[in-house]
Amino acid sequence: MREAYVIDAVRTPVGKRGGALSGVHPADLGATALRGLLARNPIDPGRVDDVILGCVDAIGPQAGNIARTAWLAAGYPEEIPGVTVDRQCGSSQQAINFGAQAIMSGTAEVIVAGGVQNMSAIPISAAMLAGREYGFDSPFVGAQGWDHRYGTGEVSQFHGATLIAEKWGISRADMERWALRSHDRARQAIAQGRFDGEIVPVGDFWIDQGPRETSLEKMAALTPLSDGSPLTAAVASQISDGASATLLASQWAVEEYGLTPRARIHHVSARGADPIYMLSAPIPATRWALERTGLRIEDMDVIEINEAFASVVLAWLKESGADPEKVNVNGGAIALGHPLGATGAKLFATLLNELERVDGRYGLLTICEGGGTANATIIERMS
């Protein structure tokens, strides 16, 4: 099997809901990440085989195959195709994995993969709620096979995160401590310029808007998201806007176009778990990736796991045995935001840069996803 090399990975700064990116058309937001990526690397856009972007709630300005629209909005050649991927929160991680698989299989030489999401313009779950106009209250309930297997109860990330907290014995105080850590580390990373090498400015906007000064006392005063739940807004990812892009290439393309690999894709896979718990699949996905590669969690020098909710990360830590000091060391989505379709490639850019900063070898990325699935990607840095 051929190698798939990571040439570069970038992202826009993340805007908070109603913030700096809220008025930017999603196609223009995606185009900014694409232009920023290709401007940094000596590759003719006409040599790209495919553009694969993740996007969730692909309606309105995010509809119509936004991967293609963003590429054209960036001013790049019409003959280059594009395709949009929806694996919920892991969409752009899946875009990277699909791109890597295309190169490994020999069916592509150069792939641009990433994602885009404007949650200010298109609210979370907008696509799921759009069916109400046609008589469908839920994408799940009402399907005979689903109802027979899983019943007609609540199917949501909030419910799943609560179930995870209960099953793994994670308290509200535990989650608030993790959330405070996320904000502290994100603010420190920004102050130290750790994100500077991965961020493509959008106009004059270049610093993530999410991280804030907070405290355990402030968090403790918040009202739970629902009766009886330990969850509050403080321990959940932030609604955000942003875009991300990654350049992948084969050995032939590296040599032909004079590219410099920063890492290679060591492993890509995905696994599933209970869709009612919904967000617990990073546990089996990580276990599967390590089994398939023969690596141990101790071999991972840097780990990024999406902070959809603090309970997701804390349950994963209990099951994986990972060293917390290697996990989300620059903060996570609780502080930095979670622009759904863009998050996977956004975290990938952070993973790559942090792996270089600490002179590490292996990095792991895993993200929980709606429907009870999770991706796992392991990269090996080029020394």
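For every chain, the first residue of the written sequence is number 1, and numbering continues from 1 along that sequence. Where local features are concerned, this predicted model is filtered to residues with pLDDT of at least 70; where side-chain atom pairs are given and counted, the filter is 80 or more; whole-chain, interface and lining totals use all residues. Here the side-chain values reflect all heavy atoms present in the structure, with hydrogen atoms and water set aside.

Trainee: Help me understand the nonpolar core, please; the structure alone is not making it clear to me.
Mentor: Side chains of a nonpolar character, in soluble globular proteins, are inclined to be buried together. Side-chain atoms within 4.5 Å link the members of a nonpolar core, which is a set of buried Ala, Val, Leu, Ile, Met, Phe, Trp, Tyr and Cys residues. Accessible area is worked out with a 1.4 Å probe on protein chains only. A residue is then buried under 20% of its type maximum, exposed over 50%, and partly exposed in between. Among the nonpolar cores identified, the biggest contains 49 residues, and Met300, Trp316 and Val327 are the most heavily contacted of them. Helix and strand definitions follow DSSP, with helices as H or I runs of at least four residues and strands as E runs of at least two, each counted in order from the N terminus. Within the residue set of this core, elements represented by two or more residues are α6 (157-167), α7 (172-191), α10 (282-293), β8 (300-305), α11 (310-320), β9 (362-369) and β10 (373-381). For this core, the element with the highest residue contribution is α11, accounting for seven residues. Ignoring anything within four residues of it in the chain, the contact list for Val327 reads Trp178, Arg181, Ile303, Ile305, Val313, Trp316, Leu317 and Ala322. Contacts are assigned to residue pairs with any non-hydrogen atoms lying within 4.5 Å of each other.

Trainee: Looking at this model, I keep getting lost on the side chain of Glu176. Mind explaining?
Mentor: You can see Glu176 is positioned in helix α7. By relative accessible area, which is 6% here, Glu176 ends up buried.

Trainee: Just to check I follow, could you spell out the layout of surface pockets for this structure?
Mentor: To locate leftover empty space, one rolls a probe as large as a water molecule over the atoms. A 1.4 Å probe that fits but cannot get out identifies a cavity on a 1 Å grid over protein atoms alone, an open set with protein on both sides within 12 Å along at least five of seven lines counts as a pocket, and a residue lines either if it has an atom within 4 Å of a point. Grid points are joined across faces, edges and corners, and a volume is the space filled by probe spheres set on the points. Its volume calculated, the largest pocket comes out at about 940 Å³. In this structure, the largest pocket is lined by 39 residues; those nearest its centre are Ile124, Ser125, Gln157, Phe158 and Phe309. Secondary-structure elements contributing two or more residues to the lining of the largest pocket are α4 (126-129) and α6. The classification used treats Ala, Val, Leu, Ile, Met, Phe, Trp, Tyr, Cys and Pro as nonpolar, Asp, Glu, Lys and Arg as charged, and all other residues, Gly among them, as polar. A per-class count over the lining of the largest pocket returns 20 nonpolar, 13 polar and six charged. Every residue lining the second largest pocket is listed: Met1, Arg2, Glu3, Gln101, Met104, Arg264, Ile265, His266, His267, Val268 and Arg292. Of all the elements in the fold, those that place two or more residues in the lining of the second largest pocket are α3 (91-105) and β7 (263-272). Element by element, the count of residues in the lining of the second largest pocket is highest for β7, at five residues. Considering only residue class, the lining of the second largest pocket consists of four nonpolar, three polar and four charged.

Trainee: Explanation requested: the side chain of Thr12 in the structure shown.
Mentor: Among the structural elements, Thr12 can be located in the loop between β1 (5-11) and β2 (15-16). Relative accessible area serves as the criterion here: at 1%, Thr12 is assigned to the buried category. The residues contacting Thr12, other than those within four sequence positions of it, are Leu21, Leu29, Thr32, Ala33, Ile199, Val200, Val202, Gly242 and Ala243.

Trainee: Even after reading the chapter, I still don't get α3, so can you show me in this structure?
Mentor: Along an α-helix, a turn takes 3.6 residues, which lines up residues three or four apart on a common side. Between the first and last residue of a helix there are one fewer steps than residues, each counted as 1.5 Å, and that sum is the expected span. Here α3 is 15 residues long and its end C-alpha atoms lie 21 Å apart, about the 21 Å a rise of 1.5 Å per residue gives. Burial within α3 is extensive, with twelve of its 15 residues counted as buried. Listed in full, the buried residues belonging to α3 are Ser91, Ser92, Gln93, Gln94, Ala95, Ile96, Asn97, Gly99, Ala100, Ala102, Ile103 and Met104. Where α3 ends, the next residue or the one after it, Gly106, has phi of about 90°, a positive value.

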